[in-house]
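# Report on the structure
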Amino acid sequence: DAGVIQSPRHEVTEMGQEVTLRCKPISGHNSLFWYRQTMMRGLELLIYFNNNVPIDDSGMPEDRFSAKMPNASFSTLKIQPSEPRDSAVYFCASSLGFGGVGEKLFFGSGTQLSVL
Amino acid sequence: KQEVTQIPAALSVPEGENLVLNCSFTDSAIYNLQWFRQDPGKGLTSLLLIQSSQREQTSGRLNASLDKSSGRSTLYIAASQPGDSATYLCAVRPHGSSNTGKLIFGQGTTLQVKP
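Report on the accompanying structure. Predicted model only: the values in this text are computed from it and were never measured.

Gln80 of chain A connects to Pro81 of chain A through a cis peptide bond whose omega is -5°. For Pro81 of chain A, the location among the structural elements is in the loop between β8 (74-79) and β9 (88-95). With omega at 5°, the peptide bond leading from Ile7 of chain B into Pro8 of chain B counts as cis. Tracing the sequence through the fold places Pro8 of chain B in the loop between β1 (4-5) and β2 (10-14). In this structure, Asn52 of chain A takes a positive phi of about 75° despite not being glycine. Turning to its location among the elements, Asn52 of chain A is positioned in the loop between β5 (42-50) and β6 (53-56). In this structure, Ala79 of chain B takes a positive phi of about 45° despite not being glycine. Relative to the assigned elements, Ala79 of chain B resides in the loop between β8 (72-77) and β9 (86-94). Of the residues examined, Ala79 of chain B reaches a relative accessible area of 37% and is grouped as partly exposed.

Shown next as structure tokens:
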């Protein structure tokens, strides 16, 4: 398996523009997570899906952020409008699900977002 | 509120040395604890996962221990190599995170192993 695949790897945009980040989880994994990493705040969970259903979106900063998982093999994280403070590395991760080693988390390589 | 702390923030050792990385958490009510490795510009790689009922897990030169009652975990790296240079993060899944899968991460320890 190719692992968790994220695109793009880098995104540079101007304030106010819409940004869409994409993720393909590992085939067969039932849980998908979006994390954000900054120097100041470390790793923060934004939203978590289980079987394509959003379970916990309490980490989504505000209404400018939205995430979807239309099927088991694809998820998007959208920021509209983007702001400079959104600049960070955004990671997607997946796991088999709950219980035992199934909770081992597999991360993608991340999207480095810079909002100018 | 669960908080995870890793000390030191950075560590530099000569090649071949055995070393211990520390992780502490404020609430002992956890489902599990994971240790991750992060290389610069890359995502995280899960190294070891310890269930709350377990005391330790081993993989190759790595050994992770868990003392839930004291809120501590250690990652032991034997015979360190330059290729071990990376940032190591620990994360706990706290009780109350049922059906959310939420992990609380520490800030990490950046390890440099000098040849």
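Alright, that's what it looks like, and here's the rest.
As a further point, take the nonpolar core. Ranked by size, the top nonpolar core spans 23 residues in total, and within it Leu33, Trp35, Leu75, Ile77 and Tyr88 of chain B carry the most contacts. Looking at this core, the elements that each hand over two or more residues are β3 (19-25), β4 (30-38), β5 (44-51), β7 (62-67), β8, β9 and β11 (109-114) of chain B. Sequence-distant contacts of Leu33 of chain B, defined by excluding residues within four places in its chain, comprise Cys23, Phe25, Leu48, Leu49, Ile50, Leu66, Ser73, Cys90, Ala91 and Val92 of chain B. Among the nonpolar cores identified, the runner-up in size contains 21 residues, and Leu32, Ala67, Met69 and Leu113 of chain A belong to it.

Okay, the side chain of Arg37 of chain B next. Residues and elements named next belong to chain B. Position of Arg37 among the secondary structure elements: in strand β4. Relative accessible area serves as the criterion here: at 17%, Arg37 is assigned to the buried category. A polar contact is formed between the side chain of Arg37 and the backbone oxygen of Ser85, at a distance of 3.5 Å. Beyond its immediate chain neighbours, meaning those up to four positions away, Arg37 contacts Gly43, Leu44, Thr45, Leu47, Gly83, Asp84, Ser85, Ala86, Thr87 and Tyr88.

Before going further, it helps to spend a moment on the pattern of salt bridges. Throughout the structure, instances matching the rule amount to 11 salt bridges over all chains. Between Arg36 of chain A and Glu44 of chain A there is a salt bridge, with its nearest N and O atoms 3.6 Å apart. Of the residues examined, Arg36 of chain A reaches a relative accessible area of 11% and is grouped as buried. Close ionic contact of Asp84 of chain B with Arg61 of chain B constitutes a salt bridge, the shortest N to O distance being 2.8 Å. Linking Asp84 of chain B in the loop between β8 and β9 with Arg61 of chain B in the loop between β6 (56-59) and β7, this pair joins segments that are 23 residues apart in sequence. It is possible to trace a salt-bridge network through shared partners that takes in Glu62, Arg64, Glu83, Arg85 and Asp86 of chain A.

Residue and element names in this part refer to chain A. Inspection of the entire model under this criterion finds two disulfides over all chains. One disulfide bridge connects Cys23 with Cys92, the sulfur atoms lying 1.9 Å from each other. Taking the sign of the S-S torsion, -65° for the link of Cys23 and Cys92, the bridge is left-handed. Taken together, the residues span a long stretch of sequence, with Cys23 in strand β3 (residues 19-24) and Cys92 in strand β9 at a distance of 69 residues. Looking at Cys23, the relative accessible area reads 1%, which means it is buried.

Let's shift gears to the packing of aromatic side chains. On inspection of all chains with the given rule, the structure shows eight aromatic pairs over all chains. Where Tyr35 of chain A meets Phe105 of chain B, the ring centres are 5.5 Å apart and the plane angle is 85°; that geometry is what we call edge-to-face. Of the two residues, Tyr35 of chain A sits in strand β4 (residues 31-38) while Phe105 of chain B sits in strand β10 (residues 104-105), which places them in two different chains. In this structure Tyr35 of chain A comes out as buried when scored by relative accessible area, which is 0%. Judged by its relative accessible area of 9%, Phe105 of chain B is buried. Between the aromatic rings of Phe36 of chain B and Phe105 of chain B, the centroid separation amounts to 5.5 Å while the plane-to-plane angle is 40°, which identifies the pairing as tilted. Of this pair, Phe36 of chain B sits in strand β4 while Phe105 of chain B sits in strand β10; the two residues are 69 residues apart in sequence, bridging distant segments of the chain. For the pair Phe36 of chain B and Phe105 of chain B, a shared accessibility class is recorded, and that class is buried.

Conventions used here
- Residues numbered from 1 in each chain as written.
- Chains lettered and ligands numbered in written order.
- Predicted model: local features only at pLDDT ≥ 70, side-chain atom pairs only at ≥ 80, totals over all residues.
- Heavy atoms only, no water.
- Helix = DSSP H or I, 4+ residues; strand = E, 2+ residues; numbered from the N terminus.
- Buried < 20%, exposed > 50% of the residue type's maximum accessible area, 1.4 Å probe, protein only.
- Core = buried A, V, L, I, M, F, W, Y, C linked by side-chain atoms within 4.5 Å.
- Contact = heavy atoms within 4.5 Å.
- Polar contact = N/O pair within 3.5 Å; in protein donor to acceptor, adjacent residues only side chain to side chain.
- Salt bridge = Lys/Arg side-chain N within 4 Å of Asp/Glu carboxyl O.
- Disulfide = S-S within 2.5 Å.
- Phe/Tyr/Trp six-rings, centres within 6.5 Å; stacked < 30°, edge-to-face > 60°.

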